[in-house]
Every structure is written in structure tokens, then in C-alpha cells.
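Breakdown of the fold
As a plain string of letters, each chain reads:
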Amino acid sequence: MPTYVCWARDGQLSADQKQRIAQGVTLIHSECTGAPPALVQCIFEGIDATSHYIGGQPAPDSVWVYGHIRDGRDLEVREQLLLRIAELLVDVAHIDSSLTWVYLNPLANTNMVEFGQTLPVPGSELQWIEQMPTGLRERLLELNANTKR
Amino acid sequence: MPTYVCWARDGQLSADQKQRIAQGVTLIHSECTGAPPALVQCIFEGIDATSHYIGGQPAPDSVWVYGHIRDGRDLEVREQLLLRIAELLVDVAHIDSSLTWVYLNPLANTNMVEFGQTLPVPGSELQWIEQMPTGLRERLLELNANTKR
Amino acid sequence: MPTYVCWARDGQLSADQKQRIAQGVTLIHSECTGAPPALVQCIFEGIDATSHYIGGQPAPDSVWVYGHIRDGRDLEVREQLLLRIAELLVDVAHIDSSLTWVYLNPLANTNMVEFGQTLPVPGSELQWIEQMPTGLRERLLELNANTKR
């Protein structure tokens, strides 16, 4: 139910690293929140060399992940999301933890449409998937089943 | 008073489709909220083939519209915005409704400057335009008048 | 502690203008909020000619700055941030003030990790930096000291 946008320097992440970050974020989000993995979207944005500054100076090769998630997650859940995603970036992007930035922006479920449908409150995702048209339901259940653990 | 950012695969939307989506979002926002169409900004972002994942797998050609709107809109208004924008994407981008994602992020009017001016509360837009410098006021009134319906 | 994303037409801002905007936003954020300048991130995004609309029509060369800052800033602080950033854009990008857009999205400090660490509440930044590992602490203190005023 969330979308995570991951910003890194152009060329800093290979296609394989992007896929591993997407899979990792998907698994972390699902494990921390209980939401089905099929509902996690990840998008990567490249930043060119003249377009990234920290403290007013050209930034080192850091990575910023910005997740737009449903509102209502407990502090402990959000802290786990933030810290596990930061660790994932260290592991996959081979950067020092001081180069990881992670933000979460909570949105009301009534402010989100995914797969053409307004979202349910946290905890009702599986019923929500069950009520979907057959083809879409099967696609989502298959994505859930295929999630790497 | 809002900015809608529309994310799609590189090359998925033609220039004509982008303009039609921008016009459609502008009209939908104005009809649903009563805000003048001249104040609706739309930006399109391309996503390259290695940079888009749903459920940890490469994503199909879906479209994600993320609107940053003023806070204070009723549930019914926000639901109409979400569902009409999803329908617009089906219509213009020729995708199945299961490939449409729409989020809204409400911001306090005191957190927004447009056309160099802090925004009024919802409902006071026309007085706000009336008090603007002549050239800008005329530009906005002309944009309002030209909105395709 | 914030990230400001600055959207402008491809080629509208030179590398030098981007750096001056980044330095200006960093200084303005630090002066208005009291947060150390070393913690301000700025990212620039280019928009291609077919991808920017205002009022459903192709947009003029405007600039939109969208800051994701910590929650809890007073109205006066946020108003100063918005208006001083708009003035900075007029000054550096040589555009009319009617072509400046600035939004702020406040996030709880518990929703933000920077430099691999969850953020403190506003006002505790210097203690937060003091508790960091030596190399990182020195890097941040140096960035603070080097901020152009």
C-alpha cells in the first residue's frame, strides 16, 4: 500500500542493486506492517552530478528513500521500517550508514487509490484483495507468494 | 492550488496524452473542489525500465498520480478526486484500471506559496486572485476562462 | 534536517545557479529554524518541455521548491521560509515572483533518518551531532562552519 521513491546519483545503483533494494524494501515493509508484499511500489530516481547538495556543498554518493505509507502505524513499526531500510542501503549500495537518508510520509487510507481501488484501513488488506476482480486478485496473490524471503 | 506529479514509464505517455491528462486533472480538481483551474500545476516524471517495481518485481506500465493539495477537503471530495483521476488515466493512457495509482497529500494553506503568494484558505481563491498585481491577475483569469470543459 | 526538492525546466538553471539556490535554501532554513546548515539536503529535478502544465496549459519557466521539513515549526517560521525561498528564486533564477512556487510538507522527527540516525526533536540538533561517531561528527561540524553567510 505504499510507494517508496529512492533517490541516488545517476549510475550509482546498477539494475541489479535497484531490484535488490526494491525486493528488500518490499519484504521489510511487509514484515514490519503486516501488509501484503504485492502492494508495495518502488520507484528509482537518478540525480545528476550538479543536482545534489548537503549543507550547501556537493553531496557525496548518498541514497535517500522516501516512503509514502498509510497513516496509523505505531512508532515502533515506523522506527523498524526506517532503520531496516537504512541497513538495507548499506548492505546493497555498499555505502556507509552515514550516507543513508530515509523519510516516511503517512497518508490517510482515504487518500490513496491503488490498482484502481481506494485502500482499506491497515489490517484489512487480505479481505480487500479477496473482493477484487478475478484476474487482478490472482495477480496480487501470485506476487505475494513469490516474495523472496 | 495543488501540484499533481504524474509518474509513468519513459515513453509510455505521448506529449498529447500528457496534455490531456493535465487538462483532465485540472478540470477534475476544479470541479471537485471549486478552486479555479488556473491554479492547478501538473508535472510528468519518466521512470526508466530498470527503476519501477511492484511487489518486488518489475512493474507493468502503470501510472501513479500524486497530488499535493490544500488540507481541509471533505472525504467525499477527496474520493471523487481519486476515482475521477483514476478513470481519466484509463481513458487517456489506455491502461486497465488495475494499473492506476492515485495518492493525495493534504498540506495546510499556510505551507504553500504559489505565484509568489501564500495561499488563502479553500473558498477564498477568487478574492485572492482579485488582490493580485494586474498582469498576474489577468493571466490567471485568462487561464480560468480557457479551461476546456 | 530537511530535504528540499527543486523542480525546474531542463536547462533552466545552470550548475552555478543550482549551487547558489542550494546554498541559499540551506542558509535560509538554518536562520529561520535554528537547525544546523550541515543537515539541509537539496535535490534538483529537471522537467522536459512536454511535462509541465499550469491551468492545463504548457507552463512558463517557473520553479517549484518542495521542502520536507520536521513538524513543529511555528507559523511565522514557516511563512519566513516560504517567502525567503521565493525571493531567493527571483534573485538567482531571474524569474518574476509570480513564477515561484514553494510548498512545505512537515514530517514528524520520528519519521526521518538522516546520516543513518533517527532525528531528534527540533532544538536538540547540536547534542544529536555531538553523540555521533567521530568522523561523521567532524564532517558535519565542518559543513556547519563552512556555510556561506
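About the thresholds
- Residues numbered from 1 in each chain as written.
- Chains lettered and ligands numbered in written order.
- Predicted model: local features only at pLDDT ≥ 70, side-chain atom pairs only at ≥ 80, totals over all residues.
- Heavy atoms only, no water.
- Contact = heavy atoms within 4.5 Å.
- Buried area = accessible area lost by both parts, 1.4 Å probe.
- Salt bridge = Lys/Arg side-chain N within 4 Å of Asp/Glu carboxyl O.
- Polar contact = N/O pair within 3.5 Å; in protein donor to acceptor, adjacent residues only side chain to side chain.
- Helix = DSSP H or I, 4+ residues; strand = E, 2+ residues; numbered from the N terminus.
- 1 Å grid on protein atoms, 1.4 Å probe; cavity = no way out; pocket = protein on both sides within 12 Å on 5 of 7 lines; lining within 4 Å.
- Points joined across faces, edges and corners; volume = space filled by probe spheres on them.

In the nomenclature of an unreviewed UniProt entry, chain A corresponds to Tautomerase cis-CaaD-like domain-containing protein from the organism Mycobacterium paraffinicum.

1. Overview of the interface of chain A and chain B
Residue-level contacts link 33 residues of chain A with 33 residues of chain B. Both sides of the chain A and chain B interface together cover about 2800 Å² of buried area, and 55% of this is carbon and sulfur. It is Gln41(A), Asn111(A) and Val113(A) in chain A that bury the most area against chain B; as a group they hold 22% of the surface buried on that side. Joining chain A to chain B, the criterion identifies 1 salt bridge. Between Asp48(B) and Lys18(A) there is a salt bridge, with the nearest N and O atoms lying 3.9 Å from each other. Inspection of the chain A/chain B interface yields 21 residue pairs in polar contact (both at pLDDT 80 or more). Breaking the side of chain A that touches chain B down by element, the ones donating at least two residues are strand S1 (3–9), helix H1 (15–33), strand S2 (41–47), strand S6 (100–107), strand S7 (112–114) and helix H4 (134–146) of chain A.

2. Points about unusual backbone geometry
The phi angle at His94(B) is positive, at roughly 55°, despite the residue not being glycine. For His94(B), the location among the structural elements is in the loop between helix H2 (75–93) and strand S6 (100–107).

3. Thoughts on empty space enclosed by the protein
Across all of its chains, the model carries 3 cavities of 30 Å³ or more by this definition. One number sums up the size of the largest cavity: a volume of about 170 Å³. Around the largest cavity, the lining comprises 15 residues; the ones closest to its centre are Trp7(A), His68(A), Trp7(B), Trp7(C) and His68(C). Elements represented by at least two residues in the lining of the largest cavity include exactly S1 and strand S5 (63–70) of chain A, strand S1 (3–9) and strand S5 (63–70) of chain B together with strand S1 (3–9) and strand S5 (63–70) of chain C.

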